[in-house]
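Residue-level structural notes
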Amino acid sequence: MILTVNSSQNEIIVQNEEGRKVLYSYPEEFDIGEAVYSNTGHIVFHRYGNNNRVGHPDLWAIAFDLKNLEIKGEPFLLYNSAGWPDV
(Lines give C-alpha, C1' and ligand atoms only; values in the text may rest on other atoms or scores of the structure.)
Protein backbone atom coordinates (compact mmCIF):
# COMPACT_ATOMS: atom_id res chain seq x y z
CA MET A 1 0.00 0.00 0.00
CA ILE A 2 1.25 3.44 -0.93
CA LEU A 3 -0.26 6.69 0.36
CA THR A 4 0.12 9.79 -1.77
CA VAL A 5 -1.32 13.26 -1.95
CA ASN A 6 -2.52 14.91 -5.13
CA SER A 7 -1.74 18.50 -4.11
CA SER A 8 -3.45 20.08 -7.10
CA GLN A 9 -6.75 18.39 -6.17
CA ASN A 10 -6.22 18.27 -2.35
CA GLU A 11 -6.77 14.51 -2.30
CA ILE A 12 -5.34 11.76 -0.12
CA ILE A 13 -4.90 8.68 -2.32
CA VAL A 14 -4.10 5.04 -1.62
CA GLN A 15 -2.60 2.77 -4.22
CA ASN A 16 -2.11 -0.99 -4.06
CA GLU A 17 -1.98 -3.94 -6.47
CA GLU A 18 -5.72 -3.52 -7.16
CA GLY A 19 -5.41 0.08 -8.29
CA ARG A 20 -5.73 3.66 -7.09
CA LYS A 21 -8.46 5.07 -4.83
CA VAL A 22 -9.18 8.60 -3.58
CA LEU A 23 -9.68 8.32 0.17
CA TYR A 24 -10.46 11.92 1.07
CA SER A 25 -10.80 15.29 -0.70
CA TYR A 26 -10.25 18.59 1.09
CA PRO A 27 -11.91 21.91 0.22
CA GLU A 28 -9.87 24.26 -1.97
CA GLU A 29 -9.11 26.72 0.84
CA PHE A 30 -6.75 24.19 2.43
CA ASP A 31 -3.45 22.87 1.16
CA ILE A 32 -2.59 19.32 2.25
CA GLY A 33 0.40 17.04 1.83
CA GLU A 34 2.81 14.42 3.17
CA ALA A 35 0.32 11.69 4.16
CA VAL A 36 1.69 8.71 6.15
CA TYR A 37 0.01 5.73 7.79
CA SER A 38 0.38 5.31 11.56
CA ASN A 39 0.00 1.94 13.29
CA THR A 40 -2.60 3.63 15.52
CA GLY A 41 -5.00 3.21 12.59
CA HIS A 42 -4.74 6.77 11.28
CA ILE A 43 -3.45 8.63 8.28
CA VAL A 44 -1.38 11.57 9.49
CA PHE A 45 -0.83 14.53 7.17
CA HIS A 46 0.06 18.21 7.19
CA ARG A 47 -2.36 20.94 6.28
CA TYR A 48 -1.97 24.64 5.64
CA GLY A 49 -5.09 26.74 6.13
CA ASN A 50 -6.52 29.19 3.63
CA ASN A 51 -3.78 28.40 1.09
CA ASN A 52 -1.28 30.13 3.39
CA ARG A 53 2.12 28.41 3.13
CA VAL A 54 3.88 30.72 5.58
CA GLY A 55 5.36 29.03 8.65
CA HIS A 56 4.85 25.40 9.65
CA PRO A 57 1.72 23.51 8.63
CA ASP A 58 -0.67 22.01 11.18
CA LEU A 59 -0.58 18.25 11.75
CA TRP A 60 -3.90 16.42 11.20
CA ALA A 61 -5.09 12.82 11.37
CA ILE A 62 -8.02 10.82 10.11
CA ALA A 63 -9.05 7.30 11.16
CA PHE A 64 -8.29 4.70 8.50
CA ASP A 65 -9.40 1.08 8.12
CA LEU A 66 -6.30 -0.57 6.68
CA LYS A 67 -8.05 -3.86 5.88
CA ASN A 68 -10.81 -2.22 3.79
CA LEU A 69 -8.78 0.84 2.71
CA GLU A 70 -11.49 3.21 3.93
CA ILE A 71 -11.57 6.47 5.86
CA LYS A 72 -13.56 6.34 9.09
CA GLY A 73 -14.87 9.68 10.34
CA GLU A 74 -13.61 13.21 9.90
CA PRO A 75 -10.07 14.63 10.15
CA PHE A 76 -8.99 16.10 13.47
CA LEU A 77 -6.19 18.43 14.52
CA LEU A 78 -3.21 16.85 16.31
CA TYR A 79 -0.87 19.85 16.65
CA ASN A 80 -0.72 23.45 15.47
CA SER A 81 2.38 24.51 13.52
CA ALA A 82 3.89 21.04 13.86
CA GLY A 83 5.50 20.63 10.47
CA TRP A 84 5.56 17.38 8.50
CA PRO A 85 4.52 13.94 9.76
CA ASP A 86 7.10 11.26 10.46
CA VAL A 87 5.85 7.91 11.74
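Located above this text is the structure these notes cover.
For the structure given in this document, a descriptive report is provided here.

The rules we used
- Residues numbered from 1 in each chain as written.
- Predicted model: local features only at pLDDT ≥ 70, side-chain atom pairs only at ≥ 80, totals over all residues.
- Heavy atoms only, no water.
- Pairing = 2+ DSSP bridges.
- Helix = DSSP H or I, 4+ residues; strand = E, 2+ residues; numbered from the N terminus.
- Axes fitted to C-alpha atoms, helices over the stretch in contact; angles between N-to-C directions.
- Salt bridge = Lys/Arg side-chain N within 4 Å of Asp/Glu carboxyl O.
- Buried < 20%, exposed > 50% of the residue type's maximum accessible area, 1.4 Å probe, protein only.

Read across the sheet, four strands follow the order 4-5-6-7 without closing on themselves; strand pairing throughout is antiparallel. Of all strands in the sheet, those with a lone pairing partner are strand 4 (31-38) and strand 7 (70-79), marking the two edges. Strand-to-strand twist across the sheet, computed as the mean angle between neighbouring axes with direction ignored, equals 25°. Taken together, the six bridges between strand 6 (residues 58-65) and strand 7 define a ladder with antiparallel strand orientation. Counterpart to Phe64 in the pairing with strand 7 is Ile71.

Let us look at the pattern of salt bridges. Summed over all chains, the structure comprises one salt bridge. Across the pair Lys72 and Glu70 runs a salt bridge whose closest N-O atoms are separated by 3.3 Å. Judged by relative accessible area, which is 34%, Glu70 ranks as partly exposed.

What follows covers the environment of Glu29. Structurally, the position occupied by Glu29 is in the loop between strand 3 (19-25) and strand 4. For the pair Glu29 and Asn10, spaced 19 residues apart in sequence, the C-alpha to C-alpha distance is 9.5 Å.

As far as function goes, none of this settles anything; it's purely spatial.
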